[in-house]
Amino acid sequence: GGEPFLHPELGHIIRFIKDNRMYPFVHTNGVLLSAEKIAELKKEGLAGLIIRVDSLSRKRTTTEEKLNALRKHYGEMVYSVRGIHLTFLCVVNQDNIHEIDSVIKWSINNPRLVDFVTFIPMRQVLFNENEQIDSSKWVSIEDLCREVRTIIPDIRYAAYLGSKLEDNTIKW
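Residues numbered from 1 in each chain as written. Predicted model: local features only at pLDDT ≥ 70, side-chain atom pairs only at ≥ 80, totals over all residues. Heavy atoms only, no water.

Asks: What should I look at first to understand the side chain of Asn96 in this one?
Replies: Topologically, Asn96 is positioned in the loop between strand 3 (85-92) and helix 4 (100-109). A relative accessible area of 0% places Asn96 in the buried class. Beyond its immediate chain neighbours, meaning those up to four positions away, Asn96 contacts Asp54, Ser55, Leu56, Arg60, Glu64, Cys90 and Val91. (Helix = DSSP H or I, 4+ residues; strand = E, 2+ residues; numbered from the N terminus. Buried < 20%, exposed > 50% of the residue type's maximum accessible area, 1.4 Å probe, protein only. Contact = heavy atoms within 4.5 Å.)

Structure (structure tokens):
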């Protein structure tokens, strides 16, 4: 666990992965990123970055729309190095689900800066004062897909977990 850019041997780890015929991607919060560091890791074999940017990781002091400026900053930084894939990861709950349209629109309008956007429905287990699980902020995959369809009505999903009983039902 932890931020990979804090690891002193990150370059060696990436080289080991690449030397074993795999494609090294690094998950990060992006705080320690620089074009120089990305270029250095590209020489070791870095294939891509997955950066978590969402309003939930910042104590809800901002919106997804305002965070598009940060996505642009990271996108331009990665693009300046060339040849590195970039995915933005966005955790979604009831606090920000109605804001993901701005993330989708931004990614559609910036195809040279971002390859993928991944939305993760949050199902964090929190307990209320009666020690009962509080699911009030949970988002189902159906909720998430409904929001995506408001922007991309004819979307076709590349993968989903089906069911033995109902193979057209989206599952976790």
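Asks: Quick question: what am I supposed to make of the environment of Val81 here?
Replies: With respect to the helices and strands, Val81 occurs in helix 3 (residues 64-81). Sequence spacing of Val81 and Ala35 is 46 residues, and the spatial spacing of their C-alpha atoms is 6.5 Å. Residues in contact with Val81, not counting those within four places in the same chain, are Ala35, Ile38, Ala39 and Lys42.

Asks: Looking at this structure, how should I read a nonpolar patch on the surface?
Replies: Residues Leu6, Val31 and Leu32 make up a contiguous nonpolar surface patch of about 320 Å² in total accessible area. As for its placement among the helices and strands, Val31 is situated in the loop between strand 1 (25-28) and helix 2 (35-44). (Patch = residues over 30% accessible without salt bridge, like charges linked within 9 Å, V, L, I, M, F, W, Y side chains within 5 Å. Areas by Shrake-Rupley, 256 points an atom, 1.4 Å probe, with all protein chains shown as cover. Salt bridge = Lys/Arg side-chain N within 4 Å of Asp/Glu carboxyl O.)

Asks: Whenever I open this one, the packing of aromatic side chains confuses me. Can you help?
Replies: Any two aromatic rings considered together are summarised by their centre-to-centre distance and by the angle between their planes. This model, assessed by the stated rule, comprises one aromatic pair. For the ring pair Phe88 and Trp106, a centre distance of 5.9 Å and an interplane angle of 70 degrees mean the geometry is edge-to-face. A residue pair is termed long-range when its members are at least 10 positions apart, and Phe88 in strand 3 and Trp106 in helix 4 qualify at 18 residues. Exposure remark for Trp106: the relative accessible area of 10% places this residue in the buried category. If you follow Arg112 out to its NZ or CZ, it ends over the ring of Tyr79, 4.6 Å from the centre. (Phe/Tyr/Trp six-rings, centres within 6.5 Å; stacked < 30°, edge-to-face > 60°. Lys NZ or Arg CZ within 6 Å of the ring centre and 35° of its normal.)

Asks: Can you help me understand helix 4 in this one?
Replies: Given 3.6 residues per helical turn, the α-helix brings residues three or four places apart onto the same face. Burial in helix 4 covers these residues: Ile100, Ser102, Val103, Ile104, Trp106 and Ser107. Considering only its buried residues, helix 4 is in contact with helix 3, strand 3, strand 4 (116-121) and helix 5 (141-151).

Asks: What is the right way to look at the nonpolar core in this model?
Replies: A general trend in soluble globular proteins is that nonpolar side chains are found buried together. Formed by 22 residues in total, the largest nonpolar core has its most connected members in Leu33, Ile38, Leu49, Ile51 and Phe88. At the level of secondary structure, the elements contributing two or more residues to this core comprise helix 1 (10-19), helix 2, strand 2 (48-52), helix 3 and strand 3. Here the element with the most residues in this core is helix 3; it accounts for five residues. The contact partners of Ile51, leaving out residues within four places of it in the chain, are Thr28, Asn29, Gly30, Leu33, Tyr74, Leu86, Thr87, Phe88 and Leu89. Among the nonpolar cores identified, the runner-up in size contains 12 residues, and Ile100, Val103, Val139 and Ile141 belong to it. (Core = buried A, V, L, I, M, F, W, Y, C linked by side-chain atoms within 4.5 Å.)

Asks: I would appreciate a short explanation of the packing of helix 3 against helix 4 in the present structure.
Replies: A pair of packed helices can be characterised by two numbers: the angle between their axes and the separation between those axes. Following both chains from N to C, one finds helix 3 and helix 4 inclined at 30 degrees, their axes separated by 8 Å at the closest point. As summarised for this structure, helix 3 and helix 4 are arranged roughly parallel, according to the angle between their axes. When you trace helix 3 past helix 4, the crossing you get is right-handed. Judged by residue contacts, Glu64, Glu65, Asn68, Arg71 and Lys72 of helix 3 engage Ser102, Val103 and Trp106 from helix 4. Within the contact of helix 3 with helix 4, the residues separate by chemical class into two nonpolar, two polar and four charged. (Axes fitted to C-alpha atoms, helices over the stretch in contact; angles between N-to-C directions. Parallel < 35°, antiparallel > 145°, perpendicular 65-115°, else oblique. Left-handed = near helix turned anticlockwise from the far one by under 90°. Nonpolar A, V, L, I, M, F, W, Y, C, P; charged D, E, K, R; others polar.)

Asks: Help me understand the side chain of Arg71 in this model?
Replies: Residue position: Arg71 is located in helix 3. Among the polar contacts listed, one links the side chain of Arg71 to the side chain of Asn68, at a separation of 2.8 Å. Beyond its immediate stretch of four places on either side in the chain, Arg71 contacts Val53, Asp54, Glu64, Phe88, Cys90, Val103 and Trp106. (Polar contact = N/O pair within 3.5 Å; in protein donor to acceptor, adjacent residues only side chain to side chain.)

Asks: Got a minute to help me understand the pairing of strand 3 in this structure?
Replies: Consecutive residues of a regular strand have side chains that alternate between opposite faces of the sheet. For strand 3, the tally of buried residues reaches seven of eight residues, placing the bulk of the element in the interior. Pairing analysis gives five bridges linking strand 2 to strand 3, with the strands arranged parallel. Along strand 3, the bridge assignment pairs Arg52 with Leu89. In this sheet, strand 4 lies alongside strand 3 in parallel orientation, the contact comprising six bridges. By the bridge assignment, Thr87 is partnered in strand 4 with Phe116. (Pairing = 2+ DSSP bridges.)

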